[in-house]
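Geometric and topological summary
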Amino acid sequence: MAAFLVAGAMPAAERRSRAPQAAPVAEFSGESALQFTAKAVSFGPRPAGSAANRRLQDYIHSQLKLRRCQVIDDPFVARTPAGRIAMNNIIARFPGSSGRAVAISGHFDTKDMPGIRFVGANDGGSSTGLLLEFARILAARRYSDDVYLIWFDGEEAFGEWSPVNGVFGSRHLADRWAANGTLSRLKALINVDMIGDKDLGILQESNSTPWLRERVWKVAGEFGYGRYFLQFGGPVEDDHAPFLARGVAALDLIDFDYGPGNAWWHTAADTMDKLSAHSLEVVGRVLVEALTRL
Ligand SMILES: [Zn+2]
């Protein structure tokens, strides 16, 4: 945890001579991330194109106004099995000085599930909340690289998942960033999904870039969080995939064992009581440090 204790690294004499003390480096708060998650969930089911989805976008914008960052909207119309749907990715850019960039991403939409009230506390909510807390941290802490925080719309499929039904937002942004040159500056993208489960176990997503995964697992081990970062895994289709396909180093952090036998996934049981501040804090703190090592 030494990396967080910047003030403590100073000699004692220098510390005494500094008055007033520099503000402490902000630490990622799991409680704060959980509150942001609860706020997102309070809008109800938030499928792409819905009124609740747009209200959540307004809330994300209102939070980003409080941070020192550039906010970029990425609106587009997706062709889905449910017809043409207007979607929008929200991107916050915290500028660095190196000319290169890193990205942390997650989705804010929830799966459209006719007949059940699916509020997606973990699936859609936790990634939204973690990123909002990350924005609070980045307002007070600069990295040498540009840091992009990305809230993807349209991660979820309408009906059955297929290569052309799902990850609409990330496919769109990967195309856009390939065309405008941003991808050539991007050193790595780390995506988070379903990382709020009280019983946290992040699998080793096997399509992810090995060096990137190893670096994140190393930080987790150093922080004493090794038990949450599993030693096994498998392939998962998620928002990192369109970036991998374009040659970007990318990693998906996902806990795909949610409830007994993953029984709460895509069900009405995906509610706030299944989440914990500690799980969000584990992932957030590992990522705050991992960004310094890319
Ligand atoms: Zn989902």
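Residues numbered from 1 in each chain as written. Predicted model: local features only at pLDDT ≥ 70, side-chain atom pairs only at ≥ 80, totals over all residues.

**Looking at unusual backbone geometry**
Within the chain, Asn262 stands out as a residue other than glycine whose phi angle is a positive 65 degrees. Along the chain, Asn262 turns up in the loop between strand 8 (250–254) and helix 9 (277–290). One non-glycine residue, His266, adopts positive backbone phi at about 55 degrees. Secondary-structure assignment places His266 in the loop between strand 8 and helix 9. (Helix = DSSP H or I, 4+ residues; strand = E, 2+ residues; numbered from the N terminus.)

**Some words on the confidence of the model for the protein chain**
For the protein chain, per-residue confidence averages 92 on the pLDDT scale, and 91% of positions sit at 70 or higher. Confidence drops under pLDDT 50 across residues 1–23; counting only partners more than four residues distant or on other chains, this segment forms nine contacts. (pLDDT = per-residue confidence, 0-100. Contact = placed C-beta atoms within 7 Å.)

**Brief notes about the nonpolar core**
If you look at the biggest cluster of nonpolar residues, it comprises 72 residues, and the most contacted ones within it are Leu149 and Val283. The leading source of residues in this core is helix 4 (residues 121–138), at eight residues. Among all residues touching Val283, those that are not within four sequence positions of it are Leu130, Val192, Ile195 and Leu253. Counting residues in each nonpolar core, the second largest holds seven residues, with Ala48, Ala78, Ile85 and Phe168 among its members. (Core = buried A, V, L, I, M, F, W, Y, C linked by C-beta atoms within 7 Å. Buried ≥ 20, exposed ≤ 12 C-beta atoms within 10 Å, placed from the backbone.)

**Description of the packing of helix 2 (residues 30–41) against helix 4**
Where helix 2 meets helix 4, the axes come as close as 7 Å, and the angle between the chain directions of the two elements is 130 degrees. Judged on the interaxial angle alone, helix 4 and helix 2 are oblique. For the pair helix 2 and helix 4, the crossing hand works out as right-handed. Contact residues: Ser32, Ala33, Leu34, Phe36, Thr37, Ala40 and Val41 in helix 2; Ala121, Gly125, Ser126, Thr128, Gly129, Leu130, Leu132, Glu133 and Arg136 in helix 4. A breakdown of the residues in the contact of helix 2 with helix 4 according to their chemical character gives eight nonpolar, six polar and two charged. (Axes fitted to C-alpha atoms, helices over the stretch in contact; angles between N-to-C directions. Parallel < 35°, antiparallel > 145°, perpendicular 65-115°, else oblique. Left-handed = near helix turned anticlockwise from the far one by under 90°. Nonpolar A, V, L, I, M, F, W, Y, C, P; charged D, E, K, R; others polar.)

**Some words on the sheet that holds strand 5 (residues 186–193)**
Strands pair in a sheet through their backbones, by hydrogen bonds, and they do so in one of two ways: parallel or antiparallel. Sheet architecture is open: six strands sit in the order 1-2-4-3-5-8, paired in mixed fashion. Among the strands making up the open sheet, the edge pair consists of strand 1 (70–80) and strand 8. Along the sheet, successive strands turn relative to each other by an average axial angle of 20 degrees, direction set aside. Two elements, strand 2 (residues 83–94) and strand 4 (residues 146–152), share five bridges in a ladder whose sense is antiparallel. Paired with Ala92 across the two strands is Leu149, which belongs to strand 4. (Pairing = 2+ DSSP bridges.)

**Describing helix 2**
Taking 1.5 Å per residue, 12 residues should reach 16 Å; helix 2 reaches 16 Å between its end C-alpha atoms and fits that length. Among all positions in helix 2, only Gly30, Ser32, Ala33, Leu34, Phe36, Thr37, Ala40 and Val41 are buried. In this structure, the buried residues of helix 2 make contact with helix 3 (51–64), helix 4 and helix 9. (Expected span 1.5 Å × (residues − 1).)

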